[in-house]
Amino acid sequence: MGARGAAASDGPPDEEGGIAWTACDGLDERFECARVRVPLDWNQPDGEQIELAVMKHLASRPEERIGSMFVNPGGPGQSGVGLVRDSGDDIDAWGGGRFDLVGWDPRGTNDSTPVRCFTSDAERDEFWAGVSVPDTPAESAAYEQKTLDLAKRCGEVSGDLLSHITTADTARDLERLRGLVGDERLTYLGLSYGTFIGQTYANLFPGRVRAMLLDGLIDPVDSSTSEEANIANGVSSADEVFEQFMIACQNASPGECALAGHDEPVKDRVAALFERARQTPIPAPGADPPGELSYGDLQVSTFNPLRLPLTWPQFAEDLDAAAEGDASALLTAARALQSPVGMIASTTSAAISCADAPARVPVSEWPEQIARFTDAGKLWGSVLGWWLWAPCASNWPAQAPGRYTGPWNATTENPILLMGARYDPGTPYRNAVSAEQRLGNAVLVTLNGYGHPSYQVPSTCLDEIREHYLVDLVTPAKGTVCQPDEAPFS
């Protein structure tokens, strides 16, 4: 199982007995919760079992219910339970109210059997206290030692679980869940990393796909080849999108973008800010507690807003304040991602990535490798290099016998619908183009705008295409381009 060239199948026989749904604590009757046991190792289905946390949002038009629609929000490592809980009504509308939405926390994450690297929260907090993306050779050398220690701790606490959290393992979990809800074929919505789960499932179980909508495409070849290839792909479009952010700001109406209207072009003002942070930290007196914004912190602070175009006016205000000498808002944003809880999330993401695509270069070669990542993406190369690659390159204690490395060209009976924004900082648009070319039956719809994934910006055009596809299995013509309903700085 999982080797290149492994035969696709229609999956194991459907399970009998279904899922024992119960009421969800603190939620109304539209939601149901469950825990489902699956094999730790799908090669030993009767061996050790782990648990998956699952949540269902009932279809709003139950009398016209088609079936279940499984959803995954990305990461790797984000919570499918959280997506259903927090956005169930919105996604229900995507399917015309005719699907029960089912989200699950993938193995190794959140409320399913999770990857753990510490025996207590106190140990975790002490380990990650004050961490930030390193800027200097001394800081980098210290971070190298930290990742070596982290990999050792993860192996000691999580053991064999680390070898069985590949995306292929999760795709097989999804196939089990499909059988348990009683659907003959799978309807699936995958966002960002969730598109990797979808592409893996489609290639392992092509005969089980009813409908599959993938938004914000991961390249499965790069993501299964090596951690170096995975990260180089993932950081390669952020610079172009940041350039688009600055162009949109420069062209905005007077007063709409705080970075504009000074005695210098927006691009020069931003470049000066980054150069200043590279030379010396910028004061952040309003942060809690007060502190200073390093160059690495500045890079990290761009991570979320660049994905969310409708927040660009506030992002511009925060950058402009830093250019004026007060980086409080940017430091607060960076701290959230580099808090102990944030670093645990990135470690979980790294653990899944390490299983799918082991590092080929040891962490001791960080000067050359971080430089390569920075060449691939100046804005985020070093950030994801340290967060994801460095743990994988630090003697990561996993063998991952279940990883799947292709082929990636399966043909499904019904088309797979792909969506991608032309300017997506998290998953380069070219990934979506490649997926359409690679898959045997797929149609790409392009959002002529920004966002990761494309749904971050409202588009009536995309909404209509989603519902028509999910309900009626009808795709638009190849080459279809949708316009956003809103634009940043408007």
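The structure we're discussing is the one just above.
Below, the structure is looked at part by part. (Residues numbered from 1 in each chain as written. Predicted model: local features only at pLDDT ≥ 70, side-chain atom pairs only at ≥ 80, totals over all residues. Heavy atoms only, no water.)

## Details of helix H11 (residues 312-323)
Under the 1.5 Å per step criterion, the end-to-end length of H11 is 16 Å for twelve residues, consistent within 8% with the ideal 16 Å. Taken together, the buried positions of H11 are occupied by Trp 312, Phe 315, Ala 316, Asp 318, Leu 319, Asp 320 and Ala 322. The elements touched by buried residues of H11 are helix H8 (238-251), helix H9 (266-279), strand S8 (282-284), helix H10 (295-301), helix H12 (328-338) and strand S11 (442-450). (Helix = DSSP H or I, 4+ residues; strand = E, 2+ residues; numbered from the N terminus. Expected span 1.5 Å × (residues − 1). Buried < 20%, exposed > 50% of the residue type's maximum accessible area, 1.4 Å probe, protein only. Contact = heavy atoms within 4.5 Å.)

## A few points about the sheet that holds strand S5 (residues 99-104)
An order of S1-S2-S3-S5-S4-S6-S7-S10-S11-S12 is seen for the ten strands of this open sheet, with the pairing classed as mixed. Each edge of the sheet is formed by a strand with only one pairing partner; in this case those strands are strand S1 (22-23) and strand S12 (481-482). Alignment of strand S10 (residues 416-423) against S11, held across seven bridges, turns out to be parallel. Looking across to S11, one finds that Tyr 423 is bridged to Tyr 450. Most of the contacts of helix H1 (residues 80-94) go to S5, to which it runs at about 155°, and overall it touches strand S2 (31-39), strand S3 (49-57), strand S4 (67-72), S5 and strand S6 (186-191). (Pairing = 2+ DSSP bridges. Axes fitted to C-alpha atoms, helices over the stretch in contact; angles between N-to-C directions.)

## Notes on the packing of aromatic side chains
This structure, assessed with the given rule, holds 22 aromatic pairs. With a centroid separation of 5.2 Å and 55° between ring planes, the pair formed by Tyr 143 and Trp 386 is classed as tilted. With a gap of 243 residues between them, Tyr 143 in helix H3 (residues 137-158) and Trp 386 in helix H15 (residues 381-392) connect regions that are remote in the sequence. The residues Tyr 143 and Trp 386 share a single accessibility class, namely buried. One aromatic cluster is present, formed by Phe 242, Phe 245, Phe 274, Tyr 295, Trp 312, Phe 315, Tyr 423, Tyr 450 and Phe 489 through successive ring pairs. Against the face of Trp 128 rests Lys 146, its NZ or CZ located 6.0 Å from the ring centre. Sitting over the face of the ring of Phe 303, Arg 307 holds its NZ or CZ atom 4.3 Å from the ring centroid. (Phe/Tyr/Trp six-rings, centres within 6.5 Å; stacked < 30°, edge-to-face > 60°. Lys NZ or Arg CZ within 6 Å of the ring centre and 35° of its normal.)

## Points about the state of the cysteines
Scanning all chains against the criterion turns up five disulfides. Between the sulfur atoms of Cys 24 and its disulfide mate Cys 33 the distance is 2.1 Å. The sign of the S-S torsion, about 115°, decides the handedness of the disulfide formed by Cys 24 and Cys 33: right-handed. Like Cys 33, Cys 24 is buried. Here Cys 249 is linked by a disulfide to Cys 257, with a sulfur-sulfur distance of 1.9 Å. Since a negative S-S torsion denotes a left-handed disulfide, the Cys 249-Cys 257 link at about -95° is left-handed. Summarising the burial analysis for this pair, Cys 249 and Cys 257 share the class buried. (Disulfide = S-S within 2.5 Å.)

## As for the nonpolar core
Judged by nonpolar contacts, the single largest core of 117 residues is most densely connected at Phe 242, Phe 245, Trp 387 and Trp 389. Among the elements that take part in this core, H15 stands out by supplying eight residues, more than any other. Discounting chain neighbours no more than four positions away, the residues touching Trp 387 are Val 133, Tyr 143, Val 300, Phe 303, Leu 337, Gln 338, Met 343, Ser 346 and Ala 350. (Core = buried A, V, L, I, M, F, W, Y, C linked by side-chain atoms within 4.5 Å.)

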